[in-house]
Amino acid sequence: MAHINDNFTKLPGSYLFSEIGRRTAAYQEAHPEAKLIKMGIGDVTLPLAPAVVAAMHEGVDDLAAAETFHGYGPEQGYDFLRTAIAEADFRARGVEIDDDEIFVSDGAKSDCGNIGDILSLDSRVAVCDPVYPVYVDTNAMAGRAGDYDEDAQGWTNIVYMPTTAENDFCPALPEEDVDVIYLCSPNNPTGTALTFGQLKAWVDYANDHDAIIMFDAAYERFITQDDVPHSIYEIPGAKTCAIEFRSFSKTAGFTGARCGYTVVPKALVRDGASLNGLWNRRQTTKFNGASYVIQKGAAAVYTPEGARQIDEAIAHYRENARVIREGLTEAGFEVFGGVNSPYIWCKTPGGMGSWDFFNKLLEEANIITTPGAGFGPAGEGYIRFTAFGNAEATKEAMKRVQALKA
Ligand code: MLT
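The rules behind each value
Residues numbered from 1 in each chain as written. Predicted model: local features only at pLDDT ≥ 70, side-chain atom pairs only at ≥ 80, totals over all residues. Heavy atoms only, no water. UniProt positions renumbered as here; feature names shortened; annotations may be inferred. Helix = DSSP H or I, 4+ residues; strand = E, 2+ residues; numbered from the N terminus. Pairing = 2+ DSSP bridges. Axes fitted to C-alpha atoms, helices over the stretch in contact; angles between N-to-C directions. Domains from an automatic or database assignment. Contact = heavy atoms within 4.5 Å. Salt bridge = Lys/Arg side-chain N within 4 Å of Asp/Glu carboxyl O. Polar contact = N/O pair within 3.5 Å; in protein donor to acceptor, adjacent residues only side chain to side chain. Nonpolar A, V, L, I, M, F, W, Y, C, P; charged D, E, K, R; others polar.

### Section: the UniProt feature "domain: Aminotransferase class I/classII large" (unreviewed entry) in the protein chain
Using the residue numbers shown here, the UniProt feature "domain: Aminotransferase class I/classII large" (unreviewed entry) corresponds to residues 35-400. Its end C-alpha atoms 12 Å apart, residues 35-400 is made of 36% helix and 17% strand.

Structure representation (structure tokens):
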């Protein structure tokens, strides 16, 4: 008799963003006249940059002719993209990353979830609280999380590190030994970012404890402040303790096209094995590479024209973030983030629960947000707004929030 992976039965409810999608659809069906403004899942709304689209068209044309046709590509990504990434995202910033330390994929979410394949099942995992749920749920599926404790709203074997206004959104170093630490900066969901000094403390900790940092830098392109590193490898010593995840989703509007990459330095060695080699073995076995057409499009992000067009899109979302931050502040809310990030983390009024405030915004203002509690116990009492909408809808949303009755 076949048995299922019992860890799946321990997972509470559905995946956060599926649940929000379900509630949104149900509300819209019951209220077809409601003009909903979506500020929940961080999904982009601007179309792909023209340079990216042109490159994708070229890619399709290549596939249409025998002389330029491409079948299976390299599982690690095409050299033209790996080199462009290593050059522009790292070497141009003074960070020595080799092309073969870059692994192109169909997105950072997959890589963040799959990376656990190369780690021991008894690794002790630490996450920030609140946290992007993928880090937690995928470790729970693998059996590393223990059991879900309803009362604590958390997993018995996961170390939750409160990341709140009280500690300036930089978690304290854990008192107990941990093996794998997930950090996301600029942070999802709080919209805050770690400075060089804050991140250095983590790199030093990881090297001292032979731990590994899983550094999610999906929102790197939103950084505006000089004291915030764009890559963990800007911190000396990070190559011996960190894996970094990057995404073209928020950077270049690829949420539907799907492309991202992971950096696994060759200097990262545990139990005598290079994690670069292990990840390469994993990818060559389980993954056949991102599509040629999509990688052609991603490479256009690094052309002067593509880079300029992408900067324009980011500027549009940044302006939305400013409108949200200022709009919420004017309405009397306490807000965080939104300066180096497309996310604004907002305290609910009068200590209201975050799902209650989610419902109030949905029903009284027709705005979809993401309740902080969905990101972990310390997210209770907060709500997340995203800046990925269009400018008009974002301004309209702030008017509706300001008109809300207490
Ligand atoms: C979010 O809203 O947190 C993100 O869009 C989710 C994701 O990138 O998977």
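### What to know about the sheet that holds strand 10 (residues 260-263)
Across the sheet, 7 strands lie side by side as 2-10-9-8-7-3-6; this open sheet has mixed pairing. In this open sheet, the two strands that pair with only one neighbour each are strand 2 (102-105) and strand 6 (158-162). Strand after strand, the sheet turns through a mean of 20° between neighbouring axes, direction not considered. Taken together, the 3 bridges between strand 3 (residues 125-129) and strand 7 (residues 180-184) define a ladder with parallel strand orientation. From the neighbouring strand, Val125 faces strand 7, where its bridge partner is Val180.

### Regarding the domain arrangement of the protein chain
Per the domain assignment, the segments of the protein chain are domain 1 (10-45 + 305-402) and domain 2 (53-303). Between the C-alpha centres of domain 1 and domain 2 the distance comes to 24 Å. Counting from both sides, the interface comprises 32 residues of domain 1 and, opposite them, 43 residues of domain 2. Inspection of the domain 1/domain 2 interface yields 2 salt bridges. Here Lys10 ties to Asp147 by a salt bridge, and the two come within 3.3 Å at their closest N and O atoms. The tally of links from domain 1 across to domain 2 stands at 17 residue pairs in polar contact (both at pLDDT 80 or more). The set of elements that each furnish at least two residues to the side of domain 1 that touches domain 2 consists of helix 11 (304-330), strand 13 (335-337) and strand 14 (343-347). It is helix 11 that provides the largest number of residues to the side of domain 1 that touches domain 2, a total of 8 residues. Classifying every residue of the side of domain 1 that touches domain 2 gives 18 nonpolar, 8 polar and 6 charged.

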